[in-house]
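The primary structure of each chain is shown beneath.
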Amino acid sequence: MAAALRPAILRHLRIPAQAQSLAVDPSAPILSSFMNRIRSMSSHGDEHLTHEEVVDRVIDVVKSYPKVDPSKVTPQVHFQKDLGLDSLDTVEIVMALEEEFKLEIPDKEADKIDSCPLAIEYISNHPMAA
């Protein structure tokens, strides 16, 4: 619950920043290092995951699940029909995906994720997936 409140609180605490010109050479190593550090700490920059990265990481998570034969895992695999997993196994895979991508999937959405294509689609479209 606290994770769900955080973005709502941060939205209301945002302070608009005004652009200011710097009298310092932007190619200077110290300024460059500082700007890179600021950019990397941004929680919602332009650094969204590519579809290929999401596919690869979802496949890796599913392959690493103990009850899964890694040779059967493809981007189109269904957890129950193709891998023989039960609903509890599916929940555990979704939890592993949440951990891998550092996001919280609401129960209502998590219940719908029963295959790699649905997991890939959800995570690819999630703005906070990391």
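Residues numbered from 1 in each chain as written. Predicted model: local features only at pLDDT ≥ 70, side-chain atom pairs only at ≥ 80, totals over all residues. Heavy atoms only, no water.

For the protein, an unreviewed UniProt entry supplies the name Acyl carrier protein and the organism Rhynchospora pubera. Among the UniProt annotations of the protein, the heading Sequence similarities (unreviewed entry) holds the following wording: "Belongs to the acyl carrier protein (ACP) family." (UniProt positions renumbered as here; feature names shortened; annotations may be inferred.)

S.K.: Residues and numbers for the overall build of the protein, please.
M.R.: Within the protein, the regular secondary structure consists of six helices and zero strands. When its helices and strands are written in sequence order, the protein yields α-α-α-α-α-α. When each of the 130 residues of the protein is scored for burial, the buried share is 28%. Long-range contacts, defined here as pairs at least 24 residues apart, represent 52% of the contacts in the protein between residues at least 6 apart. For the protein, the accessible area works out to roughly 9,600 Å², and carbon and sulfur atoms hold 57% of it. (Helix = DSSP H or I, 4+ residues; strand = E, 2+ residues; numbered from the N terminus. Buried < 20%, exposed > 50% of the residue type's maximum accessible area, 1.4 Å probe, protein only. Contact = heavy atoms within 4.5 Å. Areas by Shrake-Rupley, 256 points an atom, 1.4 Å probe, with all protein chains shown as cover.)

S.K.: An account of a nonpolar patch on the surface is needed here, citing residue identities and associated values.
M.R.: A surface patch of nonpolar side chains, amounting to about 290 Å² of accessible area, comprises L88, V91 and M95. With respect to the helices, strands and loops of the structure, V91 is situated in helix α4 (residues 87-101). For V91, a relative accessible area of 42% puts it in the partly exposed group. (Patch = residues over 30% accessible without salt bridge, like charges linked within 9 Å, V, L, I, M, F, W, Y side chains within 5 Å. Salt bridge = Lys/Arg side-chain N within 4 Å of Asp/Glu carboxyl O.)

S.K.: Give me the lowdown on the pattern of salt bridges, citing residues and values where you can.
M.R.: For the structure on display, the rule yields three salt bridges. Between K67 and D89 there is a salt bridge, and its shortest N-O distance comes to 3.1 Å. Taken as a pair, K67 in the loop between α3 (51-63) and α4 and D89 in helix α4 lie far apart in primary sequence, 22 residues in all. Linking E109 and K112 is a salt bridge whose minimum nitrogen-to-oxygen distance equals 3.7 Å. The partly exposed category is assigned to E109, whose relative accessible area is 28%.

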